[in-house]
Amino acid sequence: MSAYSLVIGASSAIAQAIIQQEHKLHPEQQLICVSRSEGHYSQQAGIMNVVCDYREGSITQLCEQLKPYAGQFDRVYICNGVLHDEKMTPEKKLEEVNADQLMQSFQTNSIIPMLWLSKLIKLLGGTKPTQVAVFSARVGSISDNRMGGWYSYRASKAALNMLIKNCAIEYARRAKNVKLIAFHPGTTASPLSKPFQTSVPENKLFSAEFVAQRLLMILQQVPMDNQVSYLDWDSQPIDW
């Protein structure tokens, strides 16, 4: 049986590094890379680039197209996320909170990953062990929140964590071969974190390649226990 890995949100810096690592470590596997536009690796052997606008109908349609690969996925990476863009930046005080930013954060950080998890269950269930890493963040931990601020980002990642926990309960009944992981990559040198890198200690600002290597190592070691794990880049558990 052929083996596949699925990378969703494939245009991000970490996703691109994951693609490189997967291609290097598992050259026999086929990589299906999903992004809003054609990826950099679409011409390489063993890498299939798929375009999706991440609307619910498009996600449903794409999962229908992936049915021939059902039961053959080793790993799935859901890398969608937004912290800031040209129109929004993390809120530092209550007066900066607004509905548009809240909705955009929840749409990208919570809703889109949840739609993927809900549609993928029929493709992942079977006998083949499958790890699903969903990119979360430590700031999504309610119990770990001591500084406040970043209202929309924190809340959307906290919502994502709850959605992942809910999914894990149902996956444990319907797809016992699947392990769900909420993954905190740390602060990575990428466009996502660029405006905030000056306040990060040098030894805590990671390259995308380092984060990808750590994640693949975690996936090789994680127990297939039908339980969701909330882990950081160093394989340390985070309190929900």
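In what follows, the structure referred to is the one given above.
Bear in mind that the values here come from a model prediction, so they are computed numbers and not experimental data.

Once that is clear, we can look at the nonpolar core. Core analysis: the biggest nonpolar cluster contains 38 residues, and Trp116, Leu120, Tyr171 and Leu180 have the highest contact counts within it. Broken down by element, the residue count for this core peaks at eight residues, all from helix H3 (residues 99-124). Other than its neighbours up to four places away in sequence, Trp116 contacts Ile8, Val34, Cys52, Tyr54, Ile59, Leu62, Cys63, Ile78 and Asn80. Within the second largest apolar cluster, 27 residues are counted, among which are Ala15, Ile19, Leu215 and Trp233.

As a further point, take the pairing of strand S9 (residues 229-232). Burial along S9 is two-sided: Ser229 and Leu231 and Tyr230 and Asp232, pointing in opposite directions, are all buried. Note that strand S6 (residues 178-184) and S9 share four bridges and pair parallel. The residue bridging Ala182 from the neighbouring strand is Tyr230, located in S9.

Attention shifts here to empty space enclosed by the protein. As enumerated under the stated definition, the model contains two cavities of 30 Å³ or more in all. Roughly 40 Å³ of internal volume is contained in the second largest cavity. Lining the second largest cavity, in full, are Ala168, Tyr171, Ala172, Val178, Lys179, Leu180, Asn226, Gln227 and Val228. Of all elements in the fold, only helix H4 (151-174) and S6 reach the threshold of two or more residues within the lining of the second largest cavity. Of the residues belonging to the lining of the second largest cavity, the class tally is six nonpolar, two polar and one charged.

Turning to the packing of helix H2 (residues 56-65) against H3, a few remarks are in order. Direction vectors running N to C along H2 and H3 enclose 25 degrees, while the axes themselves pass 10 Å from each other. Relative to H3, the element H2 lies roughly parallel. The handedness of the crossing between H2 and H3 is right-handed. Two secondary-structure elements touch here, H2 through Glu56, Ile59, Thr60, Leu62 and Cys63 and H3 through Ile112, Leu115, Trp116, Lys119, Leu120 and Leu123. Residue composition of the contact of H2 with H3, by class: eight nonpolar, one polar and two charged.

This part covers the sheet that holds strand S5 (residues 130-135). Across a sheet, strands are paired by hydrogen bonds formed along the backbone, either parallel or antiparallel in direction. Taking strand neighbours across the sheet as the criterion, the seven strands line up as S3-S2-S1-S4-S5-S6-S9 in an open arrangement whose pairing is parallel. Two strands bound the open sheet, and with one partner strand each, they are strand S3 (47-51) and S9. With direction set aside, neighbouring strand axes in the sheet form an average angle of 20 degrees. In this sheet, S6 lies alongside S5 in parallel orientation, the contact comprising six bridges. Its bridge partner being in S6, Ala133 is matched across the sheet by Ile181.

Time to look at the packing of aromatic side chains. Applying the stated criterion across every chain yields a total of nine aromatic pairs. Relative to Trp116, the ring of Tyr54 has its centre 6.4 Å away and its plane inclined at 75 degrees; by these criteria the two rings are edge-to-face. A residue pair is termed long-range when its members are at least 10 positions apart, and Tyr54 in the loop between S3 and H2 and Trp116 in helix H3 qualify at 62 residues. Residue class for Trp116 comes out buried when judged on its relative accessible area of 0%. A centroid spacing of 6.1 Å and a plane angle of 75 degrees characterise the contact between Trp150 and Tyr153, whose relative ring orientation is edge-to-face. Judged by relative accessible area, Tyr153 falls into the buried class, the value being 10%. Here the aromatic residues Tyr4, Tyr69 and Phe73 are joined through ring pairs into a cluster of three or more.

Rules of the game
- Residues numbered from 1 in each chain as written.
- Predicted model: local features only at pLDDT ≥ 70, side-chain atom pairs only at ≥ 80, totals over all residues.
- Heavy atoms only, no water.
- Core = buried A, V, L, I, M, F, W, Y, C linked by side-chain atoms within 4.5 Å.
- Buried < 20%, exposed > 50% of the residue type's maximum accessible area, 1.4 Å probe, protein only.
- Helix = DSSP H or I, 4+ residues; strand = E, 2+ residues; numbered from the N terminus.
- Contact = heavy atoms within 4.5 Å.
- Pairing = 2+ DSSP bridges.
- 1 Å grid on protein atoms, 1.4 Å probe; cavity = no way out; pocket = protein on both sides within 12 Å on 5 of 7 lines; lining within 4 Å.
- Points joined across faces, edges and corners; volume = space filled by probe spheres on them.
- Nonpolar A, V, L, I, M, F, W, Y, C, P; charged D, E, K, R; others polar.
- Axes fitted to C-alpha atoms, helices over the stretch in contact; angles between N-to-C directions.
- Parallel < 35°, antiparallel > 145°, perpendicular 65-115°, else oblique.
- Left-handed = near helix turned anticlockwise from the far one by under 90°.
- Phe/Tyr/Trp six-rings, centres within 6.5 Å; stacked < 30°, edge-to-face > 60°.

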